[in-house]
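# Reading the structure
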Amino acid sequence: MQIALPEPDPGILARRGKIVADLRRIVPGEGVIDHPDELRAYESDGLTAYRNPPLVVVLPETTSQVAAILRYCREEGVRVVPRGAGTSLSGGALPLADGVLLGMSKFDRILDIDFENRTVTAQPGVTNLGITRAVEHAGFYYAPDPSSQIACTIGGNVAENSGGVHCLKYGLTTNNILGLELVTTDGEILRLGGKHLDAEGYDLLGLLTGSEGLLAVVTEVTVRILRAPETARAVLMAFDSVVRAGDCVASIIGNGIIPAGLEMMDKPAINAAEDFCGAGYPREAEALLICELDGPAAEVEHLIGTVTAIARQHGAFFTKASESEEERLRFWAGRKNAFPAVGRISPDYYCMDGTIPRGRLAEVLAGIREMSERFGLGVANVFHAGDGNLHPLILYDANEPGQLEKAEAFGAEILELCVEVGGVLTGEHGVGIEKRDLMPVMFDEEDLNQQQRVKCAFDPTQILNPGKMFPELHRCAELGRVHVHRGRTRFPDLPRF
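Since the model is a prediction, treat every value here as computed from it, not as a measurement. (Residues numbered from 1 in each chain as written. Predicted model: local features only at pLDDT ≥ 70, side-chain atom pairs only at ≥ 80, totals over all residues. Heavy atoms only, no water.)

Here seven strands make up an open sheet; going across it, the order is β15-β12-β14-β13-β18-β20-β16 and the pairing antiparallel. Of all the strands in the sheet, the pair left with one neighbour each is β15 (318-321) and β16 (348-351). With strand direction ignored, the average angle separating the axes of adjacent strands in the sheet is 15°. Across the sheet, helix α10 (residues 267-277) touches β13 (261-266), β14 (287-295) and β18 (379-383), and the angle it forms with β13 is around 95°. Together, β12 (231-239), β13, β14, β15 and β18 form the strand contacts of helix α12 (residues 325-336), whose direction differs from that of β12 by roughly 50°. (Pairing = 2+ DSSP bridges. Helix = DSSP H or I, 4+ residues; strand = E, 2+ residues; numbered from the N terminus. Axes fitted to C-alpha atoms, helices over the stretch in contact; angles between N-to-C directions. Contact = heavy atoms within 4.5 Å.)

All chains considered together, the criterion is met by 33 salt bridges. A salt bridge links Asp22 to Arg25, with the nearest nitrogen and oxygen atoms 2.1 Å apart. With Asp22 and Arg25 both in helix α2 (residues 16-26), this residue pair falls three residues apart, about one helical turn. On the accessibility criterion, Asp22 (10% relative accessible area) is buried. (Salt bridge = Lys/Arg side-chain N within 4 Å of Asp/Glu carboxyl O. Buried < 20%, exposed > 50% of the residue type's maximum accessible area, 1.4 Å probe, protein only.)

With that settled, the discussion passes to α12. Under the 1.5 Å per step criterion, the end-to-end length of α12 is 16 Å for 12 residues, consistent within 8% with the ideal 16 Å. Buried within α12 are the following residues: Glu327, Arg328, Phe331, Trp332, Gly334 and Arg335. Viewed end-on, α12 has its buried residues packed into an arc of 150°, placing them on one side of the element. (Expected span 1.5 Å × (residues − 1). Arc of directions from axis to C-beta.)

Now for the packing of aromatic side chains. Evaluated as defined, the whole model comprises four aromatic pairs. An angle of 65° between the planes, with centres 6.4 Å apart, marks the rings of Phe339 and Tyr349 as edge-to-face. One end of the pair, Phe339, is in helix α13 (residues 338-342); the other, Tyr349, is in strand β16, and 10 residues separate them in sequence. Judged by relative accessible area, Phe339 falls into the buried class, the value being 15%. Since its relative accessible area comes to 27%, Tyr349 is described here as partly exposed. Judged by centre distance (5.3 Å) and plane angle (10°), the rings of Phe375 and Phe410 are stacked. With Phe375 in helix α14 (residues 361-375) and Phe410 in helix α15 (residues 403-420), this pair connects stretches of sequence that are 35 residues apart. Look at Phe410 and you get buried, because its relative accessible area is 0%. (Phe/Tyr/Trp six-rings, centres within 6.5 Å; stacked < 30°, edge-to-face > 60°.)

What follows is about the state of the cysteines. Within this structure, the stated rule accounts for one disulfide. For Cys456, the disulfide goes to Cys476, at an S-S distance of 2.2 Å. Disulfide Cys456-Cys476: the torsion about the S-S bond is -90°, which places it as left-handed. Separated by 20 residues along the polypeptide, Cys456 in helix α17 (residues 445-458) and Cys476 in helix α18 (residues 476-479) bring together distant segments of the chain. (Disulfide = S-S within 2.5 Å.)

With that settled, the discussion passes to helix α9 (residues 242-254). Taking 1.5 Å of rise per residue, the 13 residues of α9 would be expected to cover 18 Å, and the 18 Å separating its terminal C-alpha atoms lies within 8% of that figure. Those residues of α9 not exposed but buried are Val242, Ala245, Gly246, Cys248, Val249, Ser251, Ile252 and Ile253. Next to the buried residues of α9 lie α7 (167-170), β12, β13, β14, α11 (297-313) and α14. Gly256 occupies a position one or two residues after α9 and carries a positive phi of about 85°.

If you trace the four strands from one edge of the open sheet to the other, you get β1-β2-β4-β3, paired in mixed fashion. At either margin of the open sheet sits one strand with a lone partner, and together these are β1 (32-33) and β3 (79-83). Bridge count between strand β2 (residues 56-58) and strand β4 (residues 99-103): three bridges; the pairing is parallel. Bridge pairing in β4 links Val57 to Leu101. Its contacts with the sheet put helix α4 (residues 63-76) on β2, β3 and β4, and the angle it makes with β4 is roughly 170°.

The biggest cluster of nonpolar side chains holds 74 residues, and the ones touching the most others in it are Met237, Met264, Leu361 and Phe410. Here this core takes nine residues from α15, the largest share from any one element. In contact with Leu361, other than residues within four places in its own chain, are Gly246, Val249, Met264, Ile356, Phe383, Ala385 and Leu390. (Core = buried A, V, L, I, M, F, W, Y, C linked by side-chain atoms within 4.5 Å.)

Purely spatial values, then, with no claim about function.
Structure below.
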């Protein structure tokens, strides 16, 4: 894949000193960062293969400051890239050389906890796990739990529609968001939804959740919280082939069982995780399923027996149910730490994210294995098996010439296969720059143009996060015509690291 960003505007670069000074008047004190050494900390997000220092970083503390920054940037024609904790794995927060990086890390307060309505209202810089920690003393929790939940922020979760191991039963971010406060590019502060389940009118909450910072900047989020289940237990199931494990996943769901979580790891991931944290995984397994069941104790006990029986019917040679909360957490520790664990067995890895129908799981895993042999690169598979969200980790060494390009090509083929079997390009990591040039694999020209018309309705001057998601950028005036011209904004190549 060729990764590129919009050409820097020479006029903006020439006015850098004035722009920095103007921003300092909006956000006084230490809220503006412009020294080249300090900008290095913001030059990439979790997709570290691509780096691009921003023009300037601004760290507002109030919604009125965010509104003033966006109003100023729109008037001056300066591009803006919103950023949360920078844990995005698709390059969604990659800066622009002529753009302001709008960091929301100082929006880090929980504003309201309402147990009667079962809601929490938080600023976007509050971590995902922080919401659960704020309410767990009363027996509540926030269901979406990405593996990076200790660091990723709720604002970033909204931008990417993040999921996690429990999204099979409890949904993605979009299923757990009730209200948003946001700022448009002209500085208008809007509120969508509230503490109630459904908002009237168009589903703007659904539109904004997963919009990857292209439409507006979120400054406040209201989420629903759930009662912690009476009982939660996890079952480990080991198989001698990924095909049998994949068939078991389909059979569990086909039998009407919706686990709280249903995850799969293949042998390279199993052994890496076991070396890293000693979770008790059988090393000889070719595939491991972790199935969590929650609810009343009697129901959980019954479901454990049913799931174990299904696993044995599909050839599981090892099954073990957790007998304590400590053991349940240990089972999950390996899965939650799989990404850093794989980092110990390879100098670099490229984390993919695609979603497929559960019934095609075995077929796609076989295809990934064939690609691995053809490209000469290892792969460790860790994924949300229950909802078909794959996370192949392609192993490579960036110090070896050509290996990053091989990893990119390998990843592109995986995503093309996902679409071919009826899946989609992303499950929770977003499109960003990583999958941007693959969008035509899934959408035709009119689909993409219609999506850009939505962006133009929110951002007519296209200053918010340009260069992300869409392989071609059209002027908003062009998109108003029935027959859209093919003229594109040229993107220069972005250096790889």
